[in-house]
Amino acid sequence: MSTSYLEASARERILAVLDAGSFSELLPPAQRVVSPHLGQLDAPVSFDDGVIIGEGRLGGKAVMAAAQEGGFMGGAVGEVHGAKLVGLLQRAIRKQAAGVILLLETGGVRLHEANAGLIAVSEVMRAVLEARAAGIPVIVLVGGANGCFGGMGIVARCANTVIMSEEGRLAMSGPEVIETANGVEEFDSRDRALVWRTTGGKHRYLIGDCQTLVNDDTDAFRTAAIAALAQSGPTALSLAALEAEQDMLRRRIADFGQADDPMEIWAALGIVKPQAVPMLEAETFTAMTERHRIQGTA
Amino acid sequence: MSGSERVWNARQKNREQRLARAAQALDDKLQGKIAPAAQLADLLYAVLEPGDRVCVEGNNQKQADFLAKGLASLDPARVHGLHMLFSVLALPEHLDVFEKGIADRLDFSFSGPQAGRLAKLAAAGKLNIGAIHTYLELFGRYFIDLTPRVALVAAQAADRHGNLYTGPNTEDTPAIAEATAFSGGIVIAQVNEIVDVLPRVDIPADWVGFAIQAPTPHYIEPLFTRDPAQISEIQVLMAMMAIKGIYAEYGVQRLNHGIGFDTAAIELILPTYAESLGLRGKICKHWALNPHPALIPAIEAGFVESIHSFGSELGMEEYIRARPDVFFIGPDGSMRSNRAFSQTAGHYGCDMFIGSTLQIDLQGNSSTATLGRIAGFGGAPNMGADARGRRHASEAWLKAGAQARAGKNTIPRGQKLVVQTVETFREHMQPAFVDKLDAWQLAEQARMPIPPVMIYGDDVTHILTEEGIANLLLCRTDEEREQAIRGVAGYTAVGLGRDKRMVENLRDRGVIRRAEDLGIDKRLATRDLLAAKNMKDLVRASGGLYNPPKRFRNW
Amino acid sequence: METLNYRFANGSRRIKPAPELVGVVSSGNLEVLIEDAPGSGACAIEIKTAARGFGAIWEAVMQDFFQRWQLADTRISINDMGATPAVVSLRLDQAVAAMTEGGQ
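Let me sum up the structure you'll find in this document. (Residues numbered from 1 in each chain as written. Chains lettered and ligands numbered in written order. Predicted model: local features only at pLDDT ≥ 70, side-chain atom pairs only at ≥ 80, totals over all residues.)

**Description of the overall build of chain A**
Turning to step 1, where the next piece is worked out: Looking only at helices and strands, chain A has 11 helices and 7 strands in total.
Turning to step 2, where the next piece is worked out: Relative to the globule expectation of 19 Å for 298 residues, the C-alpha radius of gyration of chain A, 19 Å, shows essentially globular dimensions.
Turning to step 3, where the next piece is worked out: Projecting the C-alpha coordinates of chain A onto the three principal axes gives extents of approximately 55 × 45 × 45 Å.
Turning to step 4, where the next piece is worked out: Split into buried and exposed, the 298 residues of chain A put 50% on the buried side.
Turning to step 5, where the next piece is worked out: Counted over contacts in chain A with a minimum sequence separation of 6, partners at least 24 positions apart contribute 74%. (Helix = DSSP H or I, 4+ residues; strand = E, 2+ residues; numbered from the N terminus. Rg over C-alpha atoms; globule rule 2.2 N^0.38 Å. Buried ≥ 20, exposed ≤ 12 C-beta atoms within 10 Å, placed from the backbone. Contact = placed C-beta atoms within 7 Å.)

**Digging into the overall build of chain B**
Turning to step 1, where the next piece is worked out: Regarding its fold elements, chain B presents 19 helices and 19 strands.
Turning to step 2, where the next piece is worked out: Taken over C-alpha atoms, the radius of gyration comes to 25 Å for chain B, in line with the 24 Å a tight globule of 555 residues would show.
Turning to step 3, where the next piece is worked out: For chain B, the C-alpha atoms occupy an extent of roughly 80 × 55 × 45 Å along the three principal directions.
Turning to step 4, where the next piece is worked out: Within chain B, counting contacts between residues at least 6 apart in sequence, those at least 24 apart form 75% of the total.

**With respect to the nonpolar core**
Turning to step 1, where the next piece is worked out: Counting residues in each nonpolar core, the largest one holds 280 residues, and the members touching the most others are Val100, Ile101, Ile163 and Ala225 of chain A together with Ala189 and Ile269 of chain B.
Turning to step 2, where the next piece is worked out: Among the elements that make up this core, the one with the highest residue count is helix α8 (residues 233-250) of chain B (12 residues).
Turning to step 3, where the next piece is worked out: Those residues in contact with Ile269 of chain B that lie beyond four places of it in its chain are Val236, Ala239, Met240, Ile243, Ala274, Leu529, Leu530 and Ala531 of chain B. (Core = buried A, V, L, I, M, F, W, Y, C linked by C-beta atoms within 7 Å.)

**Describing the interface of chain B and chain C**
Turning to step 1, where the next piece is worked out: Contact residues are listed per partner, giving 10 residues for chain B and 10 residues for chain C.
Turning to step 2, where the next piece is worked out: When its residues are assigned to classes, the side of chain B that touches chain C shows 5 nonpolar, 2 polar and 3 charged. (Nonpolar A, V, L, I, M, F, W, Y, C, P; charged D, E, K, R; others polar.)

**A word on the sheet that holds strand β7 (residues 212-214) of chain A**
Residue and element names in this part refer to chain A.
Turning to step 1, where the next piece is worked out: Judged by pairing direction, the sheet is mixed, and its 7 strands sit side by side in the order β1-β2-β3-β4-β5-β6-β7 without closing on themselves. The open sheet has two free edges, formed respectively by β1 (24-26) and β7, since each of these has just one partner strand. Recorded for the sheet is a direction-independent mean angle of 25° between the axes of neighbouring strands.
Turning to step 2, where the next piece is worked out: The pairing of strand β6 (residues 161-165) with β7 spans 3 bridges and is parallel. Paired with Ile163 across the bridge in β7 is Thr212. (Pairing = 2+ DSSP bridges. Axes fitted to C-alpha atoms, helices over the stretch in contact; angles between N-to-C directions.)

**Some thoughts on the packing of helix α16 (residues 478-487) of chain B against helix α18 (residues 500-508) of chain B**
Residue and element names in this part refer to chain B.
Turning to step 1, where the next piece is worked out: The N-to-C vectors of α16 and α18 enclose an angle of 90°; their axes lie 9 Å apart at closest approach. With respect to α18, the element α16 is oriented roughly perpendicular. Contacts between α16 and α18 involve Glu480, Gln483, Ala484, Arg486 and Gly487 on the former and, on the latter, Met502, Val503 and Leu506.
Turning to step 2, where the next piece is worked out: Counted by class, the contact of α16 with α18 contains 4 nonpolar, 2 polar and 2 charged residues. (Parallel < 35°, antiparallel > 145°, perpendicular 65-115°, else oblique.)

**Observations regarding the interface of chain A and chain C**
Turning to step 1, where the next piece is worked out: At the interface, 11 residues of chain A touch 14 residues of chain C.
Turning to step 2, where the next piece is worked out: Split by residue class, the side of chain A that touches chain C holds 6 nonpolar, 3 polar and 2 charged.

**With respect to the pairing of strand β3 (residues 29-36) of chain C**
Turning to step 1, where the next piece is worked out: Most of β3 of chain C is tucked away: 6 of the 8 residues are buried.
Turning to step 2, where the next piece is worked out: Counting the residues between successive antiparallel strands, the hairpin from strand β2 (residues 20-23) of chain C to β3 of chain C contains 5 residues, one of them, Gly28 of chain C, with a positive phi of roughly 75°.

**Focus: the packing of helix α3 (residues 65-72) of chain B against helix α4 (residues 92-99) of chain B**
All names here are of chain B.
Turning to step 1, where the next piece is worked out: Contact geometry of α3 with α4 gives a least axis separation of 9 Å together with a crossing angle of 15°. Here α3 lies roughly parallel to α4, going by the angle between them. When you trace α3 past α4, the crossing you get is left-handed. Residues Ala68, Lys69, Leu71 and Ala72 of α3 touch α4, and the partners they reach there are Glu93, His94, Asp96 and Val97. (Left-handed = near helix turned anticlockwise from the far one by under 90°.)

**Describing the sheet that holds strand β11 (residues 286-288) of chain B**
Residue and element names in this part refer to chain B.
Turning to step 1, where the next piece is worked out: The sheet built from 8 strands is open, its strands ordered β12-β11-β10-β13-β16-β17-β18-β19 with mixed pairing. On the outer flanks of this sheet lie β12 (306-308) and β19 (512-513), each paired with one strand and no other.
Turning to step 2, where the next piece is worked out: Sheet topology places strand β18 (residues 468-471) next to β19; 2 bridges connect them, and they run antiparallel. In the strand pairing of β19, Ile469 is matched with Arg513.

**Section: the environment of Arg486 of chain B**
Residue and element names in this part refer to chain B.
Turning to step 1, where the next piece is worked out: Along the chain, the position of Arg486 falls in helix α16.
Turning to step 2, where the next piece is worked out: Sequence spacing of Arg486 and Ala470 is 16 residues, and the spatial spacing of their C-alpha atoms is 9.2 Å.
Turning to step 3, where the next piece is worked out: In contact with Arg486, not counting residues within four places along its chain, are Val494, Gly495, Gly497, Arg498 and Val503.

**Here we look at helix α15 (residues 438-445) of chain B**
Residues and elements named next belong to chain B.
Turning to step 1, where the next piece is worked out: When α15 is considered as a whole, its buried residues turn out to be Asp438, Ala439 and Leu442. For α15, the angular spread of the buried residues around the axis is 95°, confining them to a single face.
Turning to step 2, where the next piece is worked out: Residues of α15 that are buried sit in contact with β14 (359-360) and β15 (366-367).
Turning to step 3, where the next piece is worked out: After α15 finishes, the residue Arg447 shows a positive phi value of roughly 55°. (Arc of directions from axis to C-beta.)

**Some details on unusual backbone geometry**
Negative phi is the rule for most residues except glycine; trans is the rule for most peptide bonds.
Turning to step 1, where the next piece is worked out: Located in the positive-phi region is Met73 of chain A, a residue other than glycine, with phi close to 50°.
Turning to step 2, where the next piece is worked out: With respect to the helices and strands, Met73 of chain A occurs in the loop between β3 (61-68) and α2 (79-94).
Turning to step 3, where the next piece is worked out: Although it is not a glycine, Met429 of chain B adopts a positive phi angle of roughly 55°.
Turning to step 4, where the next piece is worked out: Relative to the helices and strands, Met429 of chain B is located in the loop between β16 (417-421) and α15.

**Description of the environment of Leu442 of chain B**
Residue and element names in this part refer to chain B.
Turning to step 1, where the next piece is worked out: By secondary structure assignment, the location of Leu442 is in helix α15.
Turning to step 2, where the next piece is worked out: Distance from Leu442 to Thr180, taken between C-alpha atoms, is 33 Å for residues 262 residues apart in sequence.
Turning to step 3, where the next piece is worked out: Once residues within four sequence positions are removed from consideration, Leu442 is found in contact with Ala369, Leu371 and Pro452.

Functional significance is not addressed by these values, which are geometric in nature.
Listed below in structure tokens is the structure:
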């Protein structure tokens, strides 16, 4: 019986993605390392500050892993939450882990913690890039109801591999923010089909921001993560790779910047029945589109 | 004084005068019964007279919005004193007519989105509410003493003769149009399109005075769609108790579900939990129900034989078309709903009603009234009431009736199962069980003759909470009834105020049954029991035929 | 936030050494951390809740919980964001189940 990744809690997800029985939590809830800021705002804390970190195995290889809990403050990153992620990435370098698996579900910076939250996210970005420079592949999974937004959207895009389900969303600005800033004619945030066409996994796969599209199923995410770990080549950013990425982005905006709707982009990419795309299962979708999609470099 | 002095066809003559005025005002723009949208105001001025009873079709779902806007734009110096009749007071324009002095009297059934503004206007003395009704009750009065003089209705399409196609969302139109047309009144219909040949005729042209193509299609609200992703474990547990403790217990084959997530949870565990109990074929065959998307898996699994609907539901049209054995379908392949007949089926033809509520008092009276809002009743009281006029027997009806009358020296009778399902606490820790319903205070505020009660305690047969089921049919005294209610009221003040010994005794007698007493393992009460856990699952279950409205998509 | 503390003596059921966490601090929900507290002799429960003024209800819920399980040498810590008693009881029972699965 399939288990929905979207419905699962962060704890359930990390246990389902890693090899059974291999996960050992760092800074577990019993240590009560909670946010020092939320109490001052008379807001509830969580014993793990909304992120589970630890060590385990993925397909037999020793990895570090983290999973954000979207239910707590929308998965937003506060000081402790961010420090846990940074510490994990630094530990991965020290221990020469085979990879870091990040199960992200977040709105970005936890505004309640103001500058501490902002700094935390930027430190995570730096830590991801340092891990890559040290030869550790960073693999991001995005499939929760809150998506992966804000500064953490940028973090995801800094990873080697992004694996998404269609229900997952990846962007920087949230739909409501775009509507408020630019008007409903520009973007109607209540048109949920549009929101998912624009930021959801299938579109991200087609325009090169994500490498693998899976069904909303913890087993599917696990299988894709194992494959990503097995296939990862050189992880460090090189000048050539960055220039190739810039080139891709230049071409992308030139080719598609005028499009009014993602479906126009899909049609322009050569997909025959773009309106049928949303209802396709992941395997069928991938088979039909992989030769048409933009190949973003990792 | 001889009888030959009295005029016996005054209404018909007056109708002819109105039609003549309309013909003159519209001149050659009026083609048969088809009038141009640009001259709606001219038509209304010609057809309306001060003091008229005017029914504006605002149904639960379909709204004659173009005609409502036109009415609200009229000059009150020329049109005033109207007596408005609404099934559902849904649009701002429905109340604008009062603020502008076009109308000064109101009879209706349900008010949903306008409930707050309605309360404010009533408190300010700007309205004169005749009464608040149930749907069927209001339709009934259209044929007795609240007959509309002019009806503004909505249809999908008209042909050049003025025949109307109302299609899946036929809803209240036949009741409104028949009462108006056959009492010398005038029916004006707004339609989405005018065609040469209709898919079928729902309202004959003989009943219709004028048809107008509205500039934009009338809006239909998807009210009965519930995203399975929002169903909680507690609701799954309550659904399990409902099925095992009531549906299976009484053999409920014919039923109506009130709107809500509690009933959606029941619909979604039929193919899983009810199937595992061997109940397919033994329960839930015949429904008076709108086409709930949440029922798709149960239909596909073979539980459901027939559904007659009050109205349609946005996104379900193609699925319904593909299941003509289950739904009521015209020769054109599209559904026809009919609120009046579905209400009648729900009242007389169903053995059980189950629905949710906001408050229950110590006698079991159930109310959705809240302060500052005059929401009305809709159709629930017709389903949620014992049908005293009923005479045909069924297993469930006889069993309930026997339980109620055991030990009493009265003639045997059946009784309808009326189940109220509610969590003991609502959002913000508001208790669902109270000593005194807010309805009393609302009645005072709004100057109502009696407090507005949705379902009366003496009609309620079972109360189901996460704490268990109280079977009020088995209570012999008012005190037992009160303690049975307290016994399932959990940690609310009402629940904590129980007589522990009496409640234990009621449990021993089976008047109160908890999940354990029903043999339900609470650990099984998870979302995994839902046959569809999200909207996409529902689409898959329908074979891709169900097309959810945009607000429900997350793909 | 309101902090509530309860302590129940004379229980008899012990739990396993490794702590467990169930639930999430989301709206209408709570997390329950349950730990073995050897030598404490009682079942001690601390609740931090965003919903103020419901002490009497929490007390009744905790009393019923203790009656059900009779835990001893146990420390339970709760972060609550407005869960109803139904959800609180459910999570507490899930927490105990997590401590007794796999063998006690």
